[in-house]
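An overview of the molecular structure
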Amino acid sequence: MERKASLRRTTKETDITVSLDLDGSGKNEIDTGIGFFDHMLDGFARHGLFNLSVKAGGDLFVDCHHTIEDTGIVIGQAILQAVGDKAGIKRYGHFILPMDETLALCAVDLSGRPYLKFDAEFSAGRLGELDTEMIREFFYAVSYGGMMNLHLRIMDGENNHHKAEALFKSFGKALDMATRPEPRIKEAWTTKGTL
């Protein structure tokens, strides 16, 4: 069974197209118009071993907010569509990722109940053309678009680039774990009978 999704979302502010293959090899083509954001999404896809295509056009003459938030929504929806009924997957994933002086933790539950717990601070207001406050907004949008419980924490770190990159990479690794097949079960892994 192919675990893929292709979605497009068009508003007055943005036009976002996303294709996702959960069983990929980390190949990606990403163009959001925000170089640092492209770099973060590359790390997410490459380390999660997802094939990811993102083409985003947005009102960057205003700022980066709408483009990043809407990209998060569509990536979340693509994850939700690609996992389908979640039968036979691990559902939970976690990863602690070191990146030089930085240590980041990500835990994810593909529960069908959206929630974000985000514990990360940045001493710089911007990284390239990305406002650092938008990192939380991206993950919030992913968690709600994907109907997942998502916890992200910087456990240690100083360099803002490293902290941001560690969050995206740890999310990729944790999501890869959560979406992997669990051969011992055939149904959705829940006491409720459905997710």
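Residues numbered from 1 in each chain as written. Predicted model: local features only at pLDDT ≥ 70, side-chain atom pairs only at ≥ 80, totals over all residues. Heavy atoms only, no water.

1. Thoughts on the packing of helix α2 (residues 65–83) against helix α3 (residues 133–145)
Rule in force here: For helices, the fitted line uses only the C-alpha atoms of the stretch in contact; every axis is such a line through C-alpha atoms, and the angle between N-to-C directions lies from 0 to 180 degrees. Starting at the N terminus, helices and strands are each numbered in turn, a helix being any DSSP run of H or I of at least four residues and a strand any DSSP run of E of at least two. Roughly parallel refers to an angle under 35 degrees, roughly antiparallel to one over 145, roughly perpendicular to one between 65 and 115, and oblique to any angle outside these ranges. Here a crossing is taken to be left-handed if its near helix is turned anticlockwise relative to the far helix by less than a right angle, and right-handed if that turn runs clockwise. Should any heavy atoms of two residues lie within 4.5 Å, those residues are counted as being in contact.
Running from amino to carboxyl end, α2 crosses α3 at an angle of 30°, the nearest separation of the two axes being 7 Å. Judged on the interaxial angle alone, α3 and α2 are roughly parallel. For α2 against α3, the interelement crossing comes out right-handed. Residue-level inspection shows His65, Ile68, Glu69, Thr71, Gly72, Ile73, Ile75, Gly76, Gln77, Ile79 and Leu80 of α2 in contact with α3, the latter providing Met134, Glu137, Phe138, Ala141, Val142 and Gly145.

2. What to know about the sheet that holds strand β10 (residues 149–156)
Selection rule: Here the rule is simple: two strands pair whenever DSSP picks up at least two bridges between them.
Strands sit in the order β5-β6-β10-β7 across an open sheet of four strands; the sheet is mixed. Here the strands that pair on one side only, and so sit at the sheet edges, are β5 (92–99) and β7 (115–119). On average, each strand axis in the sheet is inclined to that of its neighbour by 10°, with strand direction left out of account. Two strands pair when backbone bridges link them, and β5 and strand β6 (residues 102–109) are joined in this way by eight bridges, in the antiparallel orientation. Paired with Met99 across the bridge in β6 is Thr102. Across the sheet, helix α4 (residues 160–179) touches β5, β6, β7 and β10, and the angle it forms with β5 is around 150°.

3. Considering the nonpolar core
What counts, and what does not: Remark: nonpolar core denotes a set of buried residues (Ala, Val, Leu, Ile, Met, Phe, Trp, Tyr, Cys) joined through side-chain atoms within 4.5 Å. Classification of residues uses two cut-offs on accessible area relative to the type maximum, computed with a 1.4 Å probe and protein chains only: under 20% is buried, over 50% is exposed, and between them is partly exposed.
Grouped together as the largest cluster of nonpolar side chains are 55 residues, with contacts concentrated most on Phe139, Leu167 and Phe171. When residues in this core are grouped by element, the largest group, eight residues, is from α4. Residues in contact with Phe139, not counting those within four places in the same chain, are Leu116, Phe118, Leu150, Leu152, Leu167, Phe168 and Phe171.

4. With respect to helix α1 (residues 35–48)
What counts, and what does not: By definition here, a helix of n residues has an expected span of 1.5 Å times n minus one.
The end-to-end C-alpha separation of α1 is 20 Å, in line with the 20 Å expected for 14 residues at 1.5 Å each. Burial within α1 is extensive, with ten of its 14 residues counted as buried. Listed as buried for α1 are Phe36, Phe37, Asp38, Met40, Leu41, Asp42, Gly43, Phe44, Ala45 and Gly48. One or two steps after α1, the chain reaches Leu49, where phi turns positive at roughly 60°.

5. Quick look at the layout of surface pockets
Rules: Computed over the protein atoms alone on a 1 Å grid, cavities are sets of points where a 1.4 Å probe fits but cannot get out and pockets are open sets with protein on both sides within 12 Å along at least five of seven lines; a residue lines them when it has an atom within 4 Å of a point. Grid points are joined across faces, edges and corners, and a volume is the space filled by probe spheres set on the points. The classification used treats Ala, Val, Leu, Ile, Met, Phe, Trp, Tyr, Cys and Pro as nonpolar, Asp, Glu, Lys and Arg as charged, and all other residues, Gly among them, as polar.
Here the largest pocket defines a volume of roughly 170 Å³. Considering the residues around the largest pocket, the lining is formed by 14 residues, among which Met1, Ala87, Gly88, Ile89 and Pro181 are closest to the centre. Grouping the constituent residues of the lining of the largest pocket by class yields eight nonpolar, one polar and five charged.

6. Focus on unusual backbone geometry
For Leu49, which is not glycine, the phi dihedral falls at a positive 60°. By the secondary structure assignment, Leu49 is in the loop between α1 and β4 (51–58). By relative accessible area, Leu49 is classed as partly exposed at 41%.

7. Details of the packing of aromatic side chains
Each aromatic ring pair is specified by the distance between its two centres and by the angle formed by the two planes. To keep things clear, this is the line we draw: Aromatic contacts are taken between Phe, Tyr and Trp rings whose centres are within 6.5 Å, Trp giving its six-membered ring; a plane angle under 30 degrees counts as stacked, one over 60 as edge-to-face, and the others as tilted.
The final tally for this structure, using the stated rule, is nine aromatic pairs. Here the aromatic rings of Phe138 and Phe139 are separated by 5.2 Å at their centres, their planes lie at 70°, and the arrangement is edge-to-face. Given the relative accessible area of 0%, Phe139 is considered buried. Seen from their ring centres, Phe138 and Phe168 are 5.2 Å apart, and the 25° between their planes marks the pair as stacked. Placement of Phe138 in helix α3 and of Phe168 in helix α4 is noted, with a sequence separation of 30 residues between them. With a relative accessible area of 1%, Phe138 lands in the buried category. A relative accessible area of 1% places Phe168 in the buried class. What links up through ring pairs into an aromatic cluster is the set Phe37, Phe44, Phe50, Phe118, Phe138, Phe139, Phe168 and Phe171.

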